[in-house]
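Understanding the architecture of this molecule
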Amino acid sequence: MIDLHTHTTASDGSYSPTELVRLAEQSNLQALAVTDHDSVAGLAEAHQAASRTNLELVNGVELACRVQTGTLHMLGYFIDLDDRALGDLLGRMVESRRKRNPQIIAKLNQLGYEITMAEVRTLASGPIISRLHIALVMLQKEYVRSIDEAFGRFLGDNGSAYVQRIEPAPAQAIELLHGAGGLAVVAHPVHLRAADEQELGKKLKDLADLGLDGVEVWYPEHTAELTEQLWRICQRLDLAAVGGSDFHGAAKEYIKLGTGRGGLNIPLEILERLKSRL
Ligand code: AMP
Ligand code: MN
Ligand code: MN
Ligand code: MN
């Protein structure tokens, strides 16, 4: 079994890269991709930890891209960690987050919620502070009953404390990932909010025309029906089918590494097939 979608403390996961690699070993994973949000900062440490094991560690990243309907997440695999152009973009994205977070906090304060950047910062151990960290503080303070409520009412694209940040267009993300020697895979297509298989196929065809290499077909929040639709679309458009749990650790404790909500089981062959596209 493998897991191609995971987060560490370099973004909004609760396991350090070393701890995540250990957990992957304990879970008998054969391969692990670390795909932090807009960051590759956890990968050096992950490689160090993985070098003492049989685990195959894949360089990954999850880039937030701007599309008309909101945000699309693009997974990058096999990227060169020293690529200048990709590094420049990631640097600008971190900086844009740094500017956005106090603006979100100010909006929440205006709405009457007492929350400070210092409180949010205590939850983040890396350079990335995400809305998930803010949501966790709101949950701790019982301003919301769930993370979902925090996003639905305040932090999501239509929330009252939403603040936009720099996000590349999918075309730019795909180009940069390819430029860094990597592959581009659209994450959790359930979030594309397509009404039916035809619309889903159209959206993925548009991305395939931009050079997309694959689709995250197996994902804890995908129904069996959606998974089948995605599989068919991948066959038709000649896209690689991949999958992962989107493991975050304690921040999303109901998602387990490798198995997701329990039903995920992705064989090593999926990674081999993805690699053959390089
Ligand atoms: P950001 O990276 O600051 O844009 O924050 C987005 C992150 O928050 C995502 O990567 C998810 O991990 C998390 N997130 C977004 N929407 C939700 C939601 N409805 N419920 C739980 N977590 C979410
Ligand atoms: Mn996240
Ligand atoms: Mn995502
Ligand atoms: Mn993710």
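Description of the coordination of the manganese ion (ligand 2)
- Asp12 (OD), Asp12 (OD), His37 (NE2) and His248 (NE2) make up the full set of protein donors to the manganese ion (ligand 2), lying at 2.1 to 2.8 Å.
- Seen from the manganese ion (ligand 2), its 6 donor atoms lie at angles of 51 to 146 degrees, and the figure they make is irregular.
- Spacing between the donor residues of the manganese ion (ligand 2) along the chain follows D-x24-H-x210-H.
- In this structure, the manganese ion (ligand 2) lies 5.9 Å from the manganese ion (ligand 3). Remark: His248 occurs in the loop between β7 (240–243) and α10 (268–275) and His37 occurs in the loop between β2 (31–34) and α2 (43–50); sequence separation between them is 211 residues. Neither His37 nor His248 differs from the other in exposure class; each is buried.

Here we look at the domain arrangement of the chain
- Taken domain by domain, the chain comprises domain 1 (2–81 + 168–275) and domain 2 (90–155).
- Opposite the 16 residues of domain 1 that make contact, domain 2 presents 13 residues.
- Both faces combined, the contact of domain 1 with domain 2 buries some 1000 Å², and carbon together with sulfur accounts for 66% of it.
- Among the residues of domain 1 in contact with domain 2, Asp12, Asp38 and Ala251 are the three that bury the most area, contributing 43% of the side total.
- Summed over the shared surface of domain 1 and domain 2, the result is 1 salt bridge.
- Note that Arg97 is salt-bridged to Asp38, the shortest N-O span being 2.8 Å.

Here we look at the site of ligand 1
- Around ligand 1 there are 13 residues in total, and His37, Arg97, Arg100, Arg131 and Asp148 lie nearest to it.
- One of the side-chain N or O atoms of Arg100 is found 2.6 Å from an oxygen atom in ligand 1.
- His248 places a side-chain nitrogen or oxygen 3.2 Å from an oxygen atom of ligand 1.
- Notes on ligand 1: free accessible area 490 Å², of which the protein chains cover 82%.

Describing the side chain of Ser11
- By the secondary structure assignment, Ser11 is in the loop between β1 (2–3) and α1 (17–26).
- Here Ser11 falls in the buried class, since its relative accessible area comes to 1%.
- Polar contacts involving the side chain of Ser11 include one to the side chain of Asp36, which spans 2.5 Å.

Regarding the pairing of strand β4 (residues 70–77)
- Taken across its 8 residues, β4 has 7 buried, putting it largely inside the fold.
- In terms of strand pairing, strand β3 (residues 56–67) meets β4 through 8 bridges, oriented antiparallel. Residue pairing across strands places Val61 opposite Gly76, the latter belonging to β4.
- The antiparallel hairpin formed by β3 and β4 contains 2 residues in its connecting segment.
- Here β4 runs beside strand β5 (residues 183–186); their pairing, made up of 4 bridges, is antiparallel. Bridging across to β5, Tyr77 finds its partner in Leu183.

Quick look at the environment of Ser39
- As for its placement among the helices and strands, Ser39 is situated in the loop between β2 and α2.
- Each C-alpha atom, one on Ser39 and one on Tyr77, is 13 Å from the other, the two residues being 38 residues apart in sequence.
- Engagement of the side chain of Ser39 in a polar contact is seen with the backbone nitrogen of Ala41, the distance being 3.0 Å.

A look at the coordination of the manganese ion (ligand 4)
- At the metal site, the manganese ion (ligand 4) is ligated by His5 (NE2), His7 (NE2), Glu62 (OE) and Asp246 (OD), and these contacts range over 2.1 to 2.2 Å.
- Positions of the donor residues of the manganese ion (ligand 4) along the chain correspond to the pattern H-x1-H-x54-E-x183-D.
- Between the two metal centres, the manganese ion (ligand 4) and the manganese ion (ligand 2), the spacing is 4.8 Å. Within this pair, whereas His5 is found in the loop between β1 and α1, its partner Asp246 is found in the loop between β7 and α10, the two being separated by 241 residues in sequence.

A few points about the packing of aromatic side chains
- Summed over all chains, the structure comprises 5 aromatic pairs.
- Of the aromatic side chains, those joined through ring pairs into one cluster are Tyr113, Tyr143 and Phe154.

As for unusual backbone geometry
- Despite not being glycine, Arg193 shows a phi value in the positive range, around 55 degrees.
- Locating Arg193 in the fold gives a position in the loop between β5 and α8 (197–209).
- At Asp246, a residue that is not glycine, the phi angle is positive and equals roughly 65 degrees.

What to know about the side chain of Asp246
- Notably, Asp246 is buried but unbridged: the nearest opposite-charge side chain belongs to Lys252, and the N-O separation is 4.8 Å.
- Within the local environment of Asp246, its side chain forms a polar contact with the side chain of Tyr219, the two groups lying 2.5 Å apart.
- With near-sequence residues (within four places) excluded, Asp246 lies in contact with His5, His7, Glu62, His188, Tyr219 and Ile255.

Criteria and thresholds
- Residue indices begin from 1 for each chain and proceed along its sequence in written order.
- By the order in which they are written, chains take letters starting at A while ligands take numbers starting at 1.
- Selection of residues for local features in this predicted model requires a pLDDT of at least 70, selection of side-chain atom pairs for listing and counting requires 80 or more, and totals for whole chains, interfaces and linings are taken over all residues.
- Excluding hydrogens and water, the side-chain values take into account all heavy atoms of the structure.
- Water is not among the atoms examined, so metal sites may look incomplete; donors are the N, O and S atoms within 2.8 Å of the metal, or within 3.2 Å for Na, K and Ca.
- Angular criteria define each label, namely tetrahedral for four donors with all angles between 85 and 135 degrees, square planar for four and octahedral for six donors with opposite donors over 155 degrees apart and remaining angles between 65 and 115, and irregular for whatever fails these tests.
- Strands are runs of DSSP state E lasting at least 2 residues, helices are runs of H or I lasting at least 4, and numbering of each runs from the N terminus.
- Only protein chains enter the accessibility calculation, which uses a 1.4 Å probe; a residue is then buried when its area is under 20% of its type maximum, exposed when over 50%, and partly exposed in between.
- An automatic or database domain assignment is the source of the domain bounds shown.
- Any pair of residues with heavy atoms lying within 4.5 Å of one another is described as a contacting pair.
- Throughout, the accessible surface (probe 1.4 Å) given up by two parts as they are put together, summed over both, is called the buried area.
- When a carboxyl oxygen of Asp or Glu lies within 4 Å of a side-chain nitrogen of Lys or Arg, that pair is called a salt bridge.
- Any residue with at least one heavy atom within 4 Å of a molecule or strand is counted as near it.
- Each polar contact in these results corresponds to two N or O atoms within 3.5 Å; when the atoms are within protein, one needs to be able to donate a hydrogen and the other to accept it, and residues that are neighboring in sequence are counted only if both atoms are side-chain atoms.
- In this description, accessible areas are obtained by the Shrake-Rupley approach with a 1.4 Å probe, and a residue is regarded as covered only by the protein chains that are shown.
- For two strands to count as paired, DSSP must find a minimum of two bridges between them.
- Think of it this way: a Phe, Tyr or Trp ring, Trp meaning its six-membered ring, pairs with another when their centres are within 6.5 Å, and the plane angle makes it stacked under 30 degrees, edge-to-face over 60, tilted otherwise.
- Charge assignment in this entry is limited to Lys and Arg as positive and Asp and Glu as negative, and neither His nor the chain termini are counted.

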